[in-house]
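One letter stands for each residue in the lines below.
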Amino acid sequence: MKNKKFKGISTLTLHTAAKENNNSSHTTPIYATSTFTFDTAQEGMERFAGKDKTKLYTRWGNPTFAAAEQTIEALEAHGLTNEKGEPLQLKALLHSSGQAAMSTLFLSNLSAGDTLISHFSLYGGTQELMQKILLEAGIKTIIIDVRDSALLKKTLEENKGVKLIHLETPANPTLQCVDIESICTIAHAHGVKVSVDNTVATPYLQQPFALGADYVFHSATKFLNGHGSALNGVLLGKDLEFMNTKVWKWHVLLGGNSNAFDSYLLIQGMKTLEIRMERHCSNAAKVSDFLDKHAAIEKVNYTGLKSHPDHAIASKQMKQHAPLISFELKGGIEAGKKFLDALEVCTRAVSLGTVDTLVSHPASMTHFSIPREERIKYGITDGLIRMSVGIENFEDLEADLAQALSKI
Ligand SMILES: *Cc1c(COP(=O)(O)O)cnc(C)c1O
């Protein structure tokens, strides 16, 4: 990563990605190639022996992926320093999806007999990865309320095989937030590493490395891309030696590499991260205020509301409140269906972080494969509606929500 110093996030996302081309292209070229040529046998040998793995074979790396990785490294390290006071250096590995990056994270850090600690209300795919693939690979997951420090310490004392604590904050769809800094302090005292799924907050709102995290994960499919045009996942680490050896090797062998076109779309999307997030966040605050006051609504989950149980920690560790809201209608699931069907501006779709507002029903969609009792225990009730607030003009969102709520 070129350690260019930019004061602001937009300058950083516009100017970090290397252009890597001989033809004066203004945008980063799409290197649609599986392999790279060597002028001489000697050059091939040198490239294989060298540190730069971006010009060998695309599963190992590609200049378009590298440009996206450099921008994400710069975003997560922006303004941060290491123990020596030098600018923090990170290593990012771009993957084909969030799930691919998560697989590399778990499988390169955990092996049979090891234990992972995590919390409830995780992204459905993360929870299933733990309960199906990791379990069959002999890796146990303990789900506890990590907000309870005494319980976390007790669990670490009683389970000597714990190697990693995986956090998702804010967590989807209840917006549960956990204290990254205090959990990292407890984990490190027990020699345990911490990974943070920063998808919902984005590095614009929250920088887990500043709070002690060892790894940061993103489904770059969401706010980083911002337009719902491609899937990508990224895993970042600050132990450069470990990232460049074992983690890189597992990434390459598992084969979850991205592709040049999706990487290009990600690079283009990230250029507007800051201005998109500003609008997403201000719209979300207004939408939650509107919903919270509406007679048809039972409950609104949004970390910006004082009524949210994790409002204090969310306010402490995020620059603004993340633009994700979930809410329950007084009429339960039937009212929910009528509400979804009546929407005319908001888009009915799963996923989150796109420029348009997306509305979904977790119980029947994203969290369908989680058993009902478990889901309800974690706050994902039958009538819960989730909304990823977009950048539309607020007046249009307000009018759409008002007319749809009048029809239930
Ligand atoms: C979408 C998502 C994932 C999975 O990412 P994919 O890109 O869909 O594979 C993981 N965590 C969170 C919080 C997500 O929203």
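Please read these numbers as outputs of a predicted model, since none were measured by experiment.

> Which parts of the structure should I look at to understand the overall build of the chain?
Looking only at helices and strands, the chain has 15 helices and 12 strands in total. The C-alpha radius of gyration computed for the chain amounts to 21 Å, which stays within 12% of the reference 22 Å derived for 408 residues, consistent with globular compactness. In terms of its C-alpha atoms, the chain occupies a principal-axis envelope of roughly 75 × 55 × 40 Å. Relative to its full complement of 408 residues, the chain shows a buried share of 55%. Taking all contacts inside the chain whose residues are at least 6 apart in sequence as the whole, residues at least 24 apart take part in 73%. For the chain, the exposed area adds up to about 17100 Å²; of that, 54% sits on carbon and sulfur atoms.

> How should I be thinking about the nonpolar core in this particular structure?
The tendency in soluble globular proteins is for nonpolar side chains to be buried as a group. If you look at the biggest cluster of nonpolar residues, it comprises 40 residues, and the most contacted ones within it are Leu224, Leu236 and Leu266. Of all the elements in the fold, those that place two or more residues in this core are helix 1 (9-15), helix 3 (63-77), strand 1 (91-95), helix 8 (202-205), strand 7 (233-237), helix 10 (260-270), helix 11 (273-293) and helix 12 (311-317). A per-element tally of this core places helix 3 first, with seven residues. When we break this core down by domain, the ones giving at least three residues each are domain 1 (9-270) and domain 2 (274-405). With 27 residues, the next largest nonpolar core counts Ala335, Ala342, Leu343 and Ala404 among its residues.

> What is the right way to read helix 5 (residues 124-136) from this model?
Since there are 3.6 residues in each turn of an α-helix, residues three or four apart along the chain are aligned in direction. An ideal rise of 1.5 Å per residue puts 18 Å on 13 residues; helix 5 measures up with 18 Å between its terminal C-alpha atoms. In the structure, helix 5 departs most strongly from a straight axis at Met130, where the bend amounts to approximately 30°. Buried residues of helix 5: Gly124, Gly125, Thr126, Gln127, Leu129, Met130 and Leu134, and no others. Buried residues along helix 5 sit in contact with helix 4 (98-109), strand 2 (115-118), strand 3 (140-143), strand 4 (162-168) and helix 14 (372-377). Positioned one or two residues after helix 5, Gly138 has a phi angle of 85°, which is positive.

> Looking at this structure, I do not really get the pattern of salt bridges. What am I missing?
Oppositely charged side chains can form a pair if their charged atoms are brought close together. Going through the model one piece at a time under the given rule, you end up with 11 salt bridges. In this structure, Arg47 engages Glu43 in a salt bridge whose closest nitrogen and oxygen atoms are separated by 2.4 Å. Residue Arg47 and its partner Glu43 are located together in helix 2 (residues 41-49), separated by four residues, close to a single helical turn. You can call Glu43 partly exposed: its relative accessible area is 23%. Shared partners join several salt bridges into a network, and the residues in it are Asp145, Arg147 and Asp310.

> For this particular structure, what's the right way to read the side chain of Ser108?
Counting through the fold element by element, Ser108 comes out in helix 4. Exposure remark for Ser108: the relative accessible area of 1% places this residue in the buried category. A polar contact is formed between the side chain of Ser108 and the backbone oxygen of Leu105, at a distance of 3.5 Å. Excluding its chain neighbours within four sequence positions, the residues that come into contact with Ser108 are Phe242, Lys246, Val247 and Trp250.

> Help me understand the site of the ligand in this model?
For the ligand, the set of nearby residues contains 14 residues, the closest of which are Gln99, Asp197, Ser219, Thr221 and Lys222. One of the side-chain nitrogen or oxygen atoms of Asp197 is found 2.8 Å away from a nitrogen atom of the ligand. Contact distances for the ligand include 2.8 Å between an oxygen atom and a side-chain N or O atom of Ser219. Burial of the ligand by the surrounding chains reaches 94%, relative to a free accessible area of 380 Å². Broken down by secondary-structure element, the contributors of at least two residues to the shell around the ligand are helix 4 and strand 6 (215-219). Counted by class, the shell around the ligand contains three nonpolar, eight polar and three charged residues.

> Looking at this model, I keep getting lost on unusual backbone geometry. Mind explaining?
Trans is the prevailing form of peptide bonds, just as negative phi is the prevailing case for residues other than glycine. Put simply, Thr169 and Pro170 share a cis peptide bond, and its omega is -5°. Pro173 follows Asn172 through a cis peptide bond whose omega is 0°. Examined against the element boundaries, Pro173 turns out to sit in the loop between strand 4 and helix 7 (180-189). The backbone of Ser24 shows a phi angle near 60°, a positive value even though the residue is not glycine. Mapped onto the elements, Ser24 comes out in the loop between helix 1 and helix 2.

> When you look at the packing of aromatic side chains in this model, what are you seeing that I'm missing?
The description of an aromatic ring pair uses the distance of the two centres, along with the angle that the planes make with each other. Tallied over the entire structure, the rule returns four aromatic pairs. The residue whose ring lies beneath Lys246 is Trp250, and the NZ or CZ to ring-centre distance is 4.7 Å.

> What should I look at first to understand the pairing of strand 6 in this one?
Walk down a regular strand and you will see the side chains alternate between the two sheet faces. Most of strand 6 is tucked away: five of the five residues are buried. Every second residue of strand 6 is oriented toward a common face, with Tyr215, Phe217 and Ser219 on one face and Val216 and His218 on the other, all of them buried. Where strand 5 (residues 193-197) meets strand 6, three bridges bridge the pair, whose relative direction is parallel. Residue pairing for strand 6: Val196 is matched across the bridge by Val216. Across five bridges, strand 6 lies against strand 7 in antiparallel orientation.

Reading the values: the criteria
- Residues numbered from 1 in each chain as written.
- Predicted model: local features only at pLDDT ≥ 70, side-chain atom pairs only at ≥ 80, totals over all residues.
- Heavy atoms only, no water.
- Helix = DSSP H or I, 4+ residues; strand = E, 2+ residues; numbered from the N terminus.
- Rg over C-alpha atoms; globule rule 2.2 N^0.38 Å.
- Buried < 20%, exposed > 50% of the residue type's maximum accessible area, 1.4 Å probe, protein only.
- Contact = heavy atoms within 4.5 Å.
- Areas by Shrake-Rupley, 256 points an atom, 1.4 Å probe, with all protein chains shown as cover.
- Core = buried A, V, L, I, M, F, W, Y, C linked by side-chain atoms within 4.5 Å.
- Domains from an automatic or database assignment.
- Expected span 1.5 Å × (residues − 1).
- Bend = angle between axes of the 7 residues up to and from the residue.
- Salt bridge = Lys/Arg side-chain N within 4 Å of Asp/Glu carboxyl O.
- Polar contact = N/O pair within 3.5 Å; in protein donor to acceptor, adjacent residues only side chain to side chain.
- Near = heavy atom within 4 Å.
- Nonpolar A, V, L, I, M, F, W, Y, C, P; charged D, E, K, R; others polar.
- Phe/Tyr/Trp six-rings, centres within 6.5 Å; stacked < 30°, edge-to-face > 60°.
- Lys NZ or Arg CZ within 6 Å of the ring centre and 35° of its normal.
- Pairing = 2+ DSSP bridges.

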